[in-house]
Amino acid sequence: MVKYLLRRQADFVAPEIPFDLMIEILTRLPAKSLMRFRCVSKLWSCLIRSRYFTNLYLTVSSSRPQLLGLYMSLISVHSVRHFKCDSMELCHNRGNSDLLSLRLSSSFSNSAESSLELDLTFPGMGGDRMVVLRSLILYTICRKACIYNPTTRQSLILPAVKSDIFAQQEPNKRVYYFFGHDPIQDQYKIVCIVVLGSKYRLTSEFWVFIVEPGGFWKRIEHDDQAHIPIGQGLCINGVIYYLAFSNTCRDTLYCFDVRSEKFHKIQAPHGVSNFCVSVSFIEHRGKPALFDYLNIRETGVSELWVLEDGVTWSRKSLVVKPCQRHLVDDFSFMTVMVHGQNNEVILALRNTCYLLCYDLINNDLRKVNINRESPPDQRRYVYVNVMDTGENILYLET
């Protein structure tokens, strides 16, 4: 009888796991495990690196309850601005930026005060033009666009734009990069605007790079007058929105359709601080919006302008509660980013050891301390960007 049972066990073949079930299991595993499992077989490697599975994993990971995460970029005051510099050696000799990854150490509750713990440090990364899109980071170094995937720890430096403006011996040359994603064709694109400004003339060139094998910079035509972008752009549903001014207009909102690669512009709302440093582009309930915090320190009032139908703007005034006014008394210089999942705006001093989370729905402030072994270097500026809640395992290649 025993021999019969042993023989039956030896003949037993476990049923093959259905492919759909295998995908369901893999989407629930940590990203580090998936990186190792690519070596199991060619089938697993092709599956994990496929766009279908990559997007599915990003969707599933985004739906999990996660803690708030931030990227904080520390930039030396004396460092060369990367969008002006041509030499990698010059950037390193005169200082650089460091990127800090921080995560909330306590649950994301309604408590008035929480704390962020230092997670990882990435030397030489980040910057004031850092953009986070679908858990990927775009930053600029020596006028080149760089993409970093914090999930896979992969970094990709795009080739330099062969701009006619760069070839000119003019000092006032700048480059601006925007990060977009086309949800229809599932393509990531980098938009580059090269600007040459002088006292009497403004010249700009427009380039697009598709992040895929064989990608290259392609110059696109723009019939409108040259303009200079202001602040960071924001990609919502396949459209990149950014503020800009030209020689004749200072209140224009430009839109770039990632799929068609066409520009159009919208009249920005009047009275929005003339696009000074106190206006930031955010996403509010799935719509582009402008958050104006020029008077928040003096009066406790901020303005939220939401682009409702692509043409008209709605306005909402937010007044800080009297019991919370002391929290904004020291905020003379701030950077603003939005945590879209909770409709919270992040307010941060350039030199700070804490942040403020402003709930735009409930009009409520709460303080988030930054716990580090040593305080940030007071000779540095601090720029903050919010991490997406999901994990992107996309393999970057050009």
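The rules behind these values
Residues numbered from 1 in each chain as written. Predicted model: local features only at pLDDT ≥ 70, side-chain atom pairs only at ≥ 80, totals over all residues. Heavy atoms only, no water. Buried < 20%, exposed > 50% of the residue type's maximum accessible area, 1.4 Å probe, protein only. Helix = DSSP H or I, 4+ residues; strand = E, 2+ residues; numbered from the N terminus. Arc of directions from axis to C-beta. Contact = heavy atoms within 4.5 Å. Core = buried A, V, L, I, M, F, W, Y, C linked by side-chain atoms within 4.5 Å. Pairing = 2+ DSSP bridges. pLDDT = per-residue confidence, 0-100. Patch = residues over 30% accessible without salt bridge, like charges linked within 9 Å, V, L, I, M, F, W, Y side chains within 5 Å. Areas by Shrake-Rupley, 256 points an atom, 1.4 Å probe, with all protein chains shown as cover. Salt bridge = Lys/Arg side-chain N within 4 Å of Asp/Glu carboxyl O.

If you check an unreviewed UniProt entry, the protein appears there as F-box domain-containing protein from Brassica campestris.

(A) Examining helix H2 (residues 19-26) more closely. Within H2, the full set of buried residues consists of Met-22, Ile-23 and Leu-26. Taken down its axis, H2 places every buried residue within 100 degrees of arc, on the same side. As for H2, its buried residues are in contact with helix H3 (31-37), helix H4 (42-49) and helix H5 (51-63).

(B) Representation of the nonpolar core within the structure. By size, the foremost hydrophobic cluster in this structure holds 44 residues, and its most contacted members are Ile-147, Tyr-177, Phe-179, Ile-190 and Trp-217. The dominant element in this core, judged by the number of residues it contributes, is strand E9 (residues 187-197), at eight residues. Once residues within four sequence positions are removed from consideration, Tyr-177 is found in contact with Leu-138, Thr-140, Arg-143, Lys-144, Ala-145, Val-161, Ile-190, Val-191, Cys-192 and Trp-217. One finds Ile-296, Leu-327, Tyr-358 and Leu-360 within the second-largest nonpolar core, a separate group that totals 18 residues.

(C) Inspection of the pairing of strand E7 (residues 154-157) at higher detail. Alternating residues of E7 divide into Gln-154 and Leu-156, all buried, and Ser-155 and Ile-157, none buried. Of the strand pairs in this sheet, strand E6 (residues 144-149) and E7 are connected by four bridges, and their pairing is antiparallel. Considered in E7, the bridge of Asn-149 is made with Gln-154. Hairpin geometry of E6 and E7 is characterised by an intervening segment of four residues between the two adjacent antiparallel strands and by a positive phi of about 60 degrees at Arg-153.

(D) Representation of the confidence of the model for the protein. Across the protein, the average pLDDT comes to 77, with 68% of residues at or above 70. Ranking the elements of the protein by mean pLDDT puts helix H6 (residues 88-93) last with 43 and strand E11 (residues 217-220) first with 93. Of the regions scoring below 50 in pLDDT, residues 76-83 engages in 27 contacts with residues more than four places distant in sequence or in other chains. Confidence drops under pLDDT 50 across residues 87-95; counting only partners more than four residues distant or on other chains, this segment forms 13 contacts.

(E) A nonpolar patch on the surface, seen in detail. A surface patch of nonpolar side chains, about 260 Å² in accessible area, is lined by Ile-17, Leu-21 and Ile-25. Mapped onto the secondary structure, Leu-21 falls in helix H2. Classification of Leu-21 as partly exposed rests on a relative accessible area of 43%.

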